[in-house]
2 protein chains.
Amino acid sequence: MYRTNTCGELRLAYVGQTVTLAGWVQRSRDLGGMTFIDLRDRYGITQLAFNMETNAPLCEQARKLGREYVIQVTGKVIERSSKNTKIPTGEIEIEVSELNILNEAQTPPFTIEDQSDGGDDLRMRYRYLDIRRNPVRRNLELRHRMAMLVRNYLSAEQFLEIETPMLIKSTPEGARDFVVPSRMNPGEFYALPQSPQQYKQLLMVAGMDRYFQIVRCFRDEDLRADRQPEFTQIDCEMSFVEQEDVLQMFEGLVKHLFKEVKGIDFNDASAYSKFKIHNSQFGNQFPRMTWHDAMRLYGSDKPDVRFGMQFVEVNDVVKGHGFGLFDSAELVVGINAEGCAEYTRKQLDALTDFVKRPQVGAGGMVYIKYNADGTFKSSVDKFYTPEVLKTIADKFNAKPGDLMLLLCGPAMKTRVQLCALRLEVASQLGLRNPDVYAPLWVVDFPLLEWDDETQRYYAMHHPFTAPKSEDEPLLDDQSRWGDIRANAYDMVINGVEVGGGSIRIHDRILQNKMFHTLGFTDESAAAQFGFLMDAFTYGAPPHAGLAFGFDRLCSLFGGADSIRDFIAFPKNNSGRDVMSGSPAPIAQEQLDELQICLKK
Amino acid sequence: MYRTNTCGELRLAYVGQTVTLAGWVQRSRDLGGMTFIDLRDRYGITQLAFNMETNAPLCEQARKLGREYVIQVTGKVIERSSKNTKIPTGEIEIEVSELNILNEAQTPPFTIEDQSDGGDDLRMRYRYLDIRRNPVRRNLELRHRMAMLVRNYLSAEQFLEIETPMLIKSTPEGARDFVVPSRMNPGEFYALPQSPQQYKQLLMVAGMDRYFQIVRCFRDEDLRADRQPEFTQIDCEMSFVEQEDVLQMFEGLVKHLFKEVKGIDFNDASAYSKFKIHNSQFGNQFPRMTWHDAMRLYGSDKPDVRFGMQFVEVNDVVKGHGFGLFDSAELVVGINAEGCAEYTRKQLDALTDFVKRPQVGAGGMVYIKYNADGTFKSSVDKFYTPEVLKTIADKFNAKPGDLMLLLCGPAMKTRVQLCALRLEVASQLGLRNPDVYAPLWVVDFPLLEWDDETQRYYAMHHPFTAPKSEDEPLLDDQSRWGDIRANAYDMVINGVEVGGGSIRIHDRILQNKMFHTLGFTDESAAAQFGFLMDAFTYGAPPHAGLAFGFDRLCSLFGGADSIRDFIAFPKNNSGRDVMSGSPAPIAQEQLDELQICLKK
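No experiment lies behind these values; they were computed from the predicted model shown.

**Student:** Residue-level account of helix 5 (residues 197-205) of chain A, with values.
**Tutor:** Most of helix 5 of chain A is tucked away, with nine of its nine residues classed as buried. Lining the buried residues of helix 5 of chain A we find strand 9 (210-218), strand 10 (230-239), helix 14 (522-535) and strand 22 (543-549) of chain A together with strand 1 (18-30) and helix 3 (127-130) of chain B. The positive-phi residue at the C-terminal boundary of helix 5 of chain A is G207 of chain A, with phi of around 80°.

**Student:** Report on the sheet that holds strand 17 (residues 439-443) of chain A, specifying residues and quantitative values.
**Tutor:** All names here are of chain A. What the eight strands build is an open sheet, ordered 6-9-10-22-21-20-17-11; its pairing is mixed. Of all the strands in the sheet, just strand 6 (160-161) and strand 11 (288-290) have a single pairing partner and so form its edges. Two strands pair when backbone bridges link them, and strand 21 (residues 496-503) and strand 22 are joined in this way by five bridges, in the antiparallel orientation. Within strand 22, the position partnered with G499 by the bridge is F548. Sitting on the sheet, helix 4 (residues 134-156) touches strand 6, strand 9 and strand 10, and the angle it makes with strand 9 is about 150°.

**Student:** Give a description of the pattern of salt bridges that names residues and reports values.
**Tutor:** Residue and element names in this part refer to chain B. If you walk through the whole model with that rule in mind, you get 102 salt bridges over all chains. Notably, a salt bridge pairs D38 with R27, separated by 2.9 Å at the nearest N-O pair. Taken together, the residues D38 in strand 2 (residues 34-41) and R27 in strand 1 connect sequence positions eleven residues apart. Take R27: its relative accessible area is 32%, and that puts it in the partly exposed class. The residue D293 makes a salt bridge to R296 at a minimum N-O spacing of 3.0 Å.

**Student:** Before we move on, could you go through the relation of the copies chain B and chain A and cite the residues and values that matter?
**Tutor:** In screw terms, the move from chain B to chain A is a rotation of 180° and a rise of 0.0 Å along the axis, fitting with an RMSD of 0.1 Å. Expressed as a symmetry operation, the mapping of one chain copy onto the other fits a two-fold axis. An overlap of 100% is found between the interface residues of chain B and their copies at the interface of chain A, pointing to a shared contact surface.

**Student:** Any details on the domain arrangement of chain A? Residues and values, ideally.
**Tutor:** Each assigned domain of chain A is listed with its residue range as follows: domain 1 (12-103), domain 2 (137-287 + 438-566) and domain 3 (307-428). Just the C-alpha atoms count here: the centres of domain 1 of chain A and domain 2 of chain A sit 51 Å apart.

**Student:** An account of the packing of aromatic side chains is requested, with residue identities and associated values reported.
**Tutor:** By the definition in use, this model includes 56 aromatic pairs over all chains. For the pair F258 of chain B and F557 of chain B, a centre-to-centre distance of 4.6 Å together with 35° between the ring planes defines the contact as tilted. Residue F258 of chain B is located in helix 6 (residues 243-262), and its partner F557 of chain B is located in helix 15 (residues 550-557); the two are separated by 299 residues in the primary sequence. Taken as a pair, F258 of chain B and F557 of chain B share a single burial class, namely buried. Stacked on the ring of Y458 of chain A, the Lys or Arg R456 of chain A has its end atom at 3.8 Å from the ring centre.

**Student:** Before we move on, can you summarise the interface of chain B and chain A with the specific residues and values?
**Tutor:** Residue-level contacts link 125 residues of chain B with 125 residues of chain A. The interface formed by chain B and chain A holds 18 salt bridges in total. In this structure, R576 of chain A and E188 of chain B form a salt bridge, with 2.4 Å as the shortest nitrogen-oxygen distance. Here chain B and chain A share 76 residue pairs in polar contact (both at pLDDT 80 or more) between them. Partitioned by chemical class, the residues of the side of chain B that touches chain A number 64 nonpolar, 29 polar and 32 charged. Sheet topology places strand 23 (residues 596-598) of chain A next to strand 23 (residues 596-598) of chain B; three bridges connect them, and they run antiparallel. When the bridges of strand 23 of chain B are listed, C597 of chain A appears paired with C597 of chain B.

Reading the values: rules and limits
Residues numbered from 1 in each chain as written. Chains lettered and ligands numbered in written order. Predicted model: local features only at pLDDT ≥ 70, side-chain atom pairs only at ≥ 80, totals over all residues. Heavy atoms only, no water. Buried < 20%, exposed > 50% of the residue type's maximum accessible area, 1.4 Å probe, protein only. Helix = DSSP H or I, 4+ residues; strand = E, 2+ residues; numbered from the N terminus. Contact = heavy atoms within 4.5 Å. Pairing = 2+ DSSP bridges. Axes fitted to C-alpha atoms, helices over the stretch in contact; angles between N-to-C directions. Salt bridge = Lys/Arg side-chain N within 4 Å of Asp/Glu carboxyl O. Least-squares fit on C-alpha atoms with pLDDT ≥ 70 in both. Domains from an automatic or database assignment. Phe/Tyr/Trp six-rings, centres within 6.5 Å; stacked < 30°, edge-to-face > 60°. Lys NZ or Arg CZ within 6 Å of the ring centre and 35° of its normal. Polar contact = N/O pair within 3.5 Å; in protein donor to acceptor, adjacent residues only side chain to side chain. Nonpolar A, V, L, I, M, F, W, Y, C, P; charged D, E, K, R; others polar.

Structural data, given as structure tokens:
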């Protein structure tokens, strides 16, 4: 071992001991008679002292050490004269008697500091240097810790971690697969799993009862910001359970993580007291909301309920006053930005510009200021009398000093637009504090989703999700397919979908019906899912599951927006690893062996 | 929840309680007045009793249940009149009052019993039924438990589990990569990792200090028996360590597994007492053997040291007696099969046939029987007098009643042949008991291995393995390359290599020299390993690592030979999953999107 202790370990109690440390030169300060070096490793920083008077050659050597040199030193632990209370080792330093350069280092292309001067591209290119920085290192430590907590929790709950194959069969349904040509079976391909969905269901048929896996999944999608072609799921499945059992189990897991990682006890009802959405009905449980309510009140299936600002629909009061836009709109809906009546023209214009951006797509925004003096000022004053504006304000439960913002148009589209506005206003008001956590279950998702482009229904979750038994008869009436609710649920925290799942169909007849609904022929269903359908004929238990996005969960607990900061070696938005230079062309021999060729 | 208890839970203490169970019908016995059903789940079996007298309709219904039906029953726990001491629930049964068929089942294609009537192919095709069998289920439970033990042990030792990418860059060195065409970067490919070797070294450069990962790896090799295209490694790396630190750390891990899983305490010296290889020098540590000794004494770099039967070289006594084969051979070497002097002609002929098989490849075998009466009988009596045979016997430390078996030929080839014979004889003598565990470190592997076919040296371990510092100067003398020893080590248990690793080169100059030795140009090394070489210029710490084959480790602890039994969904020897039918052709659209085509 090159060291007796780590750089984060020594305290006053060690004073007088001779120790050997090894690590990286964080910084060096030459004060003439003394040279101080901060030696860094994963565990912390220890100050090294070199004295020109007592050991000039060693001190000279120390002065020549560059940043990020890897060194080994031996010396005595002494008490510092000027202590640093900011770091745990700040009361001691090492009076170095031996110095050994283990490896030299070029000057790094950016500073290895909490706030680096390196831009995103440079830091990704030298990711191995970026990871040396405390924030990134702490993110990876958090990720490790969360994985351990998850595994130990689920293992104690009798879940078995079972590894499912990475080289599987390609299934066109869903997102695009990455495929892997088989050399031994020319012309044939494996696919990388988008999730272990079918295998975990097979494990339930196999009687494994409770399965989990922290598992890599792959999706060949055009990457939006903060999507990765490979990502990690906490994938879970249970037998002989109903929806309530699943929600309880995984709410328990997430509560455990909050307790251990953030010190927040969501088994204590008071932990919820600050969230408007929560009421006594939920006690010490995560609140629950139907998908319909989430869409109606927040315009999103993953509402951020750290703050209120629920949607208020005002069709009944705004229509019939001669304002054509409102009169002709399917829906007029708004939010109340409390205490924002003082917003300036400029601020309001900025919000209008925000909703008119193509990403949001609204035609415009109507505001109604409820001034502190009780008067109203709105962008539609000429259509509405103060009395009508007061009626509208009452619908919003607005008080003097508040600002109402309204959008109008087709119902679903307008809700989604208003959702964007709500989040933007909340951000401006500082209501989206990353240190505040508001978990929520969204339940009763629609089973099917209509796609205008292909003119057919798609499974909103996936084709194995069970409809609510009371809605099952609607499968026989195509005009009602959009109304069928699924036994599907998402866990949402701070407006982020961290996990989701469903009760699965375990009955072959119902599963066949579902495939037909989704436009599969018997043949195409059999070709893609035949082995799962077969398995269901040999005694499939009722089962259900859930998967968490682990990268996302880590970033949420780490208080950061980007999942890339929680992945050791992420890829950029073109799916490229700029550090290793992958993907890359391969040798012609490799192509020949695989019996494939490139299209010119 | 469909149940109040599991089928493995109920005991006499529950008598009188009303419970609900769910599970599979294992078997059904109709005794006229009574019908008994064994209900099975992952946790055990509970007997259900249906009484024709008290509830005829229910009993009739129970009689119709087929094997593997999934049912839910409610009833009272009662004490059995005739107890079954073989199962933990054998003192009670359930007097069923309600029966609910959750799912019907076709008759399974093989029996769901410990000893199934299903052949290998059938069981693989219906793997989800095979997993219902106790032996397979127990294997997967063992695997889960071992993974948890490994993770908790390493985590407590400050190792961080860090996920490395699955979509990486292809490197032609080593085995063949599986590749993944990139749609977003047409003409370019990712590779699936053969191991996270480069990434774990980068994590050391990144200062992560102690890394591990239980990780899927991929090799596109022509599959020999019991190789899988995807397999799992316990992959580890440490900074600021020397070989001794690595051996101690991972010996500690394996001792922990032995203690927890098998109840064997290898921290107690007596645990080693039955192994001939062990002597007091090693105390309570795994014995160590150099690669040269392993080859000389066992003809293998992974000797099975559960038993002795070390090789004895007899060139000095057998030569010059007119037996041409021995006289002209580079090496005459044998083993002593203790107590086997009574082997019949037939048995000896069978052994000769064994060594002559193409897989072994020897020209023949010489035997010398040291009869119980002190006389000798050998296949070379006409060349050797009893006195010479006695001298040979003495070299073998043979006693009357023993049987010596000798092979001759080129040294290395003959040793490998004798290794096969030694294992065969030991198997016949029952010396390879799967319940006995003899761990061993093999150290000082050669750094380089000559390949006749391509007429160049290859890295025996991999190109990042460091030579022993005392052998480093030999890199400058090509004639001595074969003599260079590496800081490389394997852990061997019962003749199986369960893990291996090395001290890595952390110095760029030495690494460059190594690449040149392996025939890389500067350009080809930079093209393949450039980013790692670059990283080494920014302050790489001394580091070392090791990887265990997790599938193999599980099979060893599970007392089985095949790793397939410890993989939930294995592939066959053609790399095919016969259950899902992968690999398979993919749609032309998929090929088009990837801009690749198939060779006709």
